[in-house]
Amino acid sequence: KIVVTRTLLITADLLVGLALATLLLGLDCTKFLKEEPRVKLKMCYGAGVILGIGSILGLVGSVWYAVDVYVERAMLVSHNLFLGVHYDFGWSCWLGMAGSTGCFVASVLLTCCLHAHT
């Protein structure tokens, strides 16, 4: 479970990084493909879609980890067991959820606003 969670989060990070690079190249203020405004608009739209996919993967990974930790801890407490090792939610889990939610909102704004613009 931990390996799948890490894979989801790493894939989300890579996709969001790719979306950021694509979005930066698609902005009007960059000199990349300055003569092709339609291509730049499609790049921004594609960046929004990639950002949405990455944010969903990040949310799934973060929430899956949080639910798994909660279920594991509740099961151990109900049986009055302590194994010496336990996982915490910690800041990483909360920041992962918040960052993924922010990326999802940005993705919706990007794709909806650009779709309305075209």
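Calculation rules
- Residues numbered from 1 in each chain as written.
- Predicted model: local features only at pLDDT ≥ 70, side-chain atom pairs only at ≥ 80, totals over all residues.
- Heavy atoms only, no water.
- Patch = residues over 30% accessible without salt bridge, like charges linked within 9 Å, V, L, I, M, F, W, Y side chains within 5 Å.
- Areas by Shrake-Rupley, 256 points an atom, 1.4 Å probe, with all protein chains shown as cover.
- Salt bridge = Lys/Arg side-chain N within 4 Å of Asp/Glu carboxyl O.
- Helix = DSSP H or I, 4+ residues; strand = E, 2+ residues; numbered from the N terminus.
- Expected span 1.5 Å × (residues − 1).
- UniProt positions renumbered as here; feature names shortened; annotations may be inferred.
- Buried < 20%, exposed > 50% of the residue type's maximum accessible area, 1.4 Å probe, protein only.
- Polar contact = N/O pair within 3.5 Å; in protein donor to acceptor, adjacent residues only side chain to side chain.

**Some details on a nonpolar patch on the surface**
Right, on to step 1. Among the surface-exposed residues, Val4, Ile56, Val60, Trp64, Phe104 and Val108 lie close enough to one another that they form a single nonpolar patch of about 470 Å² accessible area.
Right, on to step 2. Put simply, the parts of the chain that give the nonpolar patch at least two residues each are helix 2 (37-78) and helix 3 (90-117).
Right, on to step 3. Ranked by residues supplied to the nonpolar patch, first place goes to helix 2 with 3 residues.
Right, on to step 4. Positionally, Trp64 belongs in helix 2.

**Here's the deal with helix 2**
Right, on to step 1. In this model, helix 2 (42 residues) spans 61 Å end to end at C-alpha, consistent with the 62 Å of a helix rising 1.5 Å per residue.
Right, on to step 2. One or two residues past the end of helix 2 sits Asn80, with phi positive at roughly 60°.

**Here we look at the UniProt feature "transmembrane region" (unreviewed entry) in the protein chain**
Right, on to step 1. According to UniProt, the "transmembrane region" (unreviewed entry) feature falls on residues 14-33, 45-67 and 89-114.
Right, on to step 2. A distance of 33 Å separates the end C-alpha atoms of residues 45-67, which is 100% helix and 0% strand.

**Details of the environment of Ile2**
Right, on to step 1. Here Ile2 is to be found in helix 1 (residues 2-26).
Right, on to step 2. Spatially, the C-alpha atom of Ile2 lies 7.7 Å from that of Tyr65, the residues being 63 residues apart in sequence.

**What about the side chain of Asp68?**
Right, on to step 1. By the element assignment, Asp68 lies in helix 2.
Right, on to step 2. For Asp68, a relative accessible area of 18% gives the class buried.
Right, on to step 3. At 3.1 Å, the side chain of Asp68 forms a polar contact with the side chain of Lys1.

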